[in-house]
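Here is how the chains run, residue by residue.
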Amino acid sequence: MTRVLDGGGHEPQFEIRFCTAEDGVRIAYATVGHGPFLVVPPAWISHLELMWRDPAVRAFVLALAEHRTVLLYDKPGCGLSGPWQGRGTLDAEVRVLEAVVDHLEQERVDLLGVSTAAAVSLAFAVRHPKRVARLVAYGGYADGGKVASAEVRATMLDTVRKHWGAGSGVLADVFMADATGDEKARFASFQRDAVTAELACEQLEQCFEASVEDRLNRVATPTLVLHRRGDRAIPYRLGRDLAARIPDARLVTLSGRSHFPWAGDSAAVVRAVLGHLGAGRPERRGPRPVLTPRQREVAALVADGMSNRQIALRLGIRERSAEGHVERIRHRLDVHSRAQIAAWWARHND
């Protein structure tokens, strides 16, 4: 069964399919782009359909998909995947990743492990060193018990369990520290729509319990460790420690406070990931414009000082679509703000 989600315009198709893990658990996965496979295991919680509606997530994935076939999947119990047969653990997560990679029938893949998924990806690389070509660990850690004090962990779990509405907001503030108020509110809503409070607590507990300290000296895969210096969810010192423990790993420190890579300066994350994978900017064959005609139209309206809502009204599209166009323009031009889009338009407008 294949389900296709299209963001509109000339975006590549985001195709959702299903495979089966051990014990017959159904795993929903999605692919977009072309080229060698870059597998991105789920960080925290996931829901493929809901995530693809987020303009920032979509723009981040599409930037990678210009060079790789990006594969994302929902962990059991989340999104479109079936429920766990028992409680989820780090090793259970590794077995799910094994099932997904086996299903691809690829000799080797690249891995991008974000947050807790960094530990999953590293454990997989130790278990299957010949199946991973390159690995990027973003916002990761060696021991989840060191992420926060026991008191902070207990308070967070209690808040999420008893007040999921407030808890989802607190997590949004932590995970998306550099995001706007609207972006944080959207992420909080996504979390509540994706999982129940009970499952959210289980996922947090897995995060705090996950540890790969005893496996890091056996990582043979070329590894890049990316970490934002002000990361509010996983302290920078844990990323630095992770890189120091992995043989020949390279540490790249990024600016910003947001934990997830698509929030804040996501373009810097994309550049670092693609650089490690040996992929540069997409080749341009012939004199094609940097932006599509629709993107140029949106850029002109941004230069006129219009908000996403005003752009949507002018073009007769949804506000979410306007926001998505702006995000893709930002990635395509490799800029970080609307002011920089306006400056680019002023330089290139004929």
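Nothing here was measured: the structure is a model prediction, and the numbers come from that model.

**Notes on the packing of aromatic side chains**
Piece 1. Enumeration according to the criterion identifies nine aromatic pairs in this entry.
Piece 2. Here Phe175 and Phe260 contribute two aromatic rings whose centre-to-centre distance is 5.0 Å and whose plane-to-plane angle is 55°, an arrangement assigned as tilted. In this pair, Phe175 is assigned in helix H6 (residues 164–175) and Phe260 in the loop between strand E9 (250–254) and helix H10 (266–277), connecting sequence segments 85 residues apart.
Piece 3. Accessibility expressed as a relative area gives 2% for Phe260, which makes it buried.
Piece 4. The interplanar angle of 5° and the centroid separation of 5.0 Å between the aromatic rings of Phe260 and Trp262 together place this pair among those described as stacked. Grouping residues by exposure puts Phe260 and Trp262 together as buried.
Piece 5. Its end group placed over the ring of Phe208, Arg153 keeps NZ or CZ at 5.8 Å from the ring centre.
Piece 6. A cation over a ring is seen here: Arg229 above Tyr236, with NZ or CZ 4.8 Å from the ring centre.

**Looking at empty space enclosed by the protein**
Rolled over the atoms, a probe with the dimensions of a water molecule shows which regions are left empty.
Piece 1. Evaluated as defined, the whole model comprises two cavities of 30 Å³ or more.
Piece 2. Volume-wise, the largest cavity comes out at about 40 Å³.
Piece 3. Taken together, Pro41, Pro42, Tyr73, Lys75, Glu93, Thr116, Ala117 and Val120 make up the lining of the largest cavity.
Piece 4. Counting residues per element, the lining of the largest cavity draws most heavily on helix H4 (residues 116–127), at three residues.
Piece 5. Considering only residue class, the lining of the largest cavity consists of five nonpolar, one polar and two charged.
Piece 6. Of the pockets and cavities examined, the second largest cavity occupies roughly 30 Å³.

**Some points on the nonpolar core**
Piece 1. Counting residues in hydrophobic clusters, the biggest one holds 72 residues, and the most contacted among them are Trp44, Leu64, Leu112, Phe175, Leu226 and Phe260.
Piece 2. When residues of this core are assigned to their parent elements, the largest contribution, eight residues, is made by helix H2 (residues 55–65).
Piece 3. Setting aside residues no more than four positions away along its own chain, Phe175 makes contact with Trp44, Phe187, Gln191, Ala233, Ser258, His259 and Phe260.
Piece 4. Counting residues in each nonpolar core, the second largest holds 40 residues, with Val94, Val101, Ala118 and Val120 among its members.

**Re the confidence of the model for the protein chain**
Piece 1. Considering every residue of the protein chain, the mean pLDDT works out to 89; 94% of them sit at 70 or more.
Piece 2. This stretch, residues 282–288, has a pLDDT under 50; its non-local contacts, to residues over four places away or in other chains, come to three contacts.

**Points about the pattern of salt bridges**
Piece 1. Tallying each qualifying case throughout the model produces 20 salt bridges.
Piece 2. Residue Asp241 pairs with Arg245 through a salt bridge whose shortest N-O separation is 2.9 Å. Here Asp241 pairs with Arg245, and both are found in helix H9 (residues 236–245), just four residues apart, close to one helical turn.
Piece 3. Of the residues examined, Asp241 reaches a relative accessible area of 28% and is grouped as partly exposed.
Piece 4. The exposure class assigned to Arg245 is partly exposed, which follows from its relative accessible area of 34%.
Piece 5. Its salt-bridge partner being Arg294, residue Glu297 comes within 3.1 Å of it at the nearest N-O pair. Within this pair, Glu297 and its partner Arg294 are both found in helix H11 (residues 293–303), separated by three residues, close to a single helical turn.

**A word on the packing of helix H12 (residues 308–315) against helix H13 (residues 319–333)**
Piece 1. Their axes nearest at 8 Å, the elements H12 and H13 cross at an angle of 110°. When the interaxial angle is binned, H12 and H13 end up roughly perpendicular. In the crossing of H12 with H13, the sense of the turn from one axis to the other is right-handed. Side by side, H12 and H13 meet where Asn308, Arg309, Ile311 and Ala312 of the first sit next to Glu319, Ala322, Glu323 and Val326 of the second.
Piece 2. Looking at the contact of H12 with H13 residue by residue, the classes come out as four nonpolar, one polar and three charged.

**Some details on the layout of surface pockets**
Piece 1. Volume-wise, the second largest pocket comes out at about 570 Å³.
Piece 2. Forming the walls of the second largest pocket are 24 residues, and the residues nearest its centre are Thr180, Glu183, Asn308, Glu323 and Glu327.
Piece 3. When contributions to the lining of the second largest pocket are tallied by element, the ones reaching two or more residues are helix H7 (181–194), H12, H13 and helix H14 (338–348).
Piece 4. For the lining of the second largest pocket, the class distribution of residues is seven nonpolar, five polar and twelve charged.

**Comments concerning the environment of Ser46**
Piece 1. Along the chain, Ser46 falls in the loop between strand E4 (37–40) and helix H1 (48–52).
Piece 2. Put simply, Ser46 and Ser81 are 35 residues apart on the chain and 9.7 Å apart in space, counted from C-alpha to C-alpha.
Piece 3. Those residues in contact with Ser46, other than ones at most four positions away along the chain, are Met51, Tyr73, Asp74, Lys75, Cys78, Gly79, Phe190 and Ala194.
Piece 4. Of the polar contacts made by the side chain of Ser46, one reaches the side chain of Asp74; its length is 2.9 Å.

Parameters at a glance
Every residue gets a number counted from 1 within its own chain, in the order that chain's sequence is written. Selection of residues for local features in this predicted model requires a pLDDT of at least 70, selection of side-chain atom pairs for listing and counting requires 80 or more, and totals for whole chains, interfaces and linings are taken over all residues. For side-chain calculations, the full set of non-hydrogen atoms in the structure is used, while hydrogens and water are omitted. The rule is short: rings of Phe, Tyr and Trp, with Trp giving its six-membered ring, pair when the centres are within 6.5 Å, and they are stacked under 30 degrees, edge-to-face over 60, tilted in between. In DSSP terms, a helix is any run of H or I states spanning at least four residues, a strand is any run of E spanning at least two, and both are numbered starting from the N terminus. Classification of residues uses two cut-offs on accessible area relative to the type maximum, computed with a 1.4 Å probe and protein chains only: under 20% is buried, over 50% is exposed, and between them is partly exposed. Over a ring means this: the NZ of a Lys or the CZ of an Arg is within 6 Å of the ring centre and within 35 degrees of the ring normal. Points on a 1 Å grid over protein atoms alone make up a cavity when a 1.4 Å probe fits among them but cannot get out, and a pocket when they form an open set with protein on both sides within 12 Å along at least five of seven lines; lining residues each have an atom within 4 Å of a point. Grid points are joined across faces, edges and corners, and a volume is the space filled by probe spheres set on the points. Just so you know the grouping, Ala, Val, Leu, Ile, Met, Phe, Trp, Tyr, Cys and Pro go in nonpolar, Asp, Glu, Lys and Arg go in charged, and all remaining residues, Gly too, go in polar. Definition of nonpolar core: a set of buried residues of the types Ala, Val, Leu, Ile, Met, Phe, Trp, Tyr and Cys, connected through side-chain atoms within 4.5 Å. Contacts: residue pairs with any heavy atoms within 4.5 Å of one another. Values of pLDDT, the confidence the predictor places in each residue, fall between 0 and 100. Each reported salt bridge corresponds to a side-chain nitrogen of Lys or Arg within 4 Å of a carboxyl oxygen of Asp or Glu. For helices, the fitted line uses only the C-alpha atoms of the stretch in contact; every axis is such a line through C-alpha atoms, and the angle between N-to-C directions lies from 0 to 180 degrees. Put simply, angles under 35 degrees are roughly parallel, angles over 145 are roughly antiparallel, angles from 65 to 115 are roughly perpendicular, and the rest are oblique. Note on convention: near helix rotated counterclockwise from far helix by under a right angle means a left-handed crossing. Clockwise means right-handed. Counted as a polar contact is a pair of N or O atoms within 3.5 Å, where, for protein atoms, one must be capable of donating a hydrogen and the other of accepting one, and residues adjacent in sequence contribute only when both atoms are in side chains.

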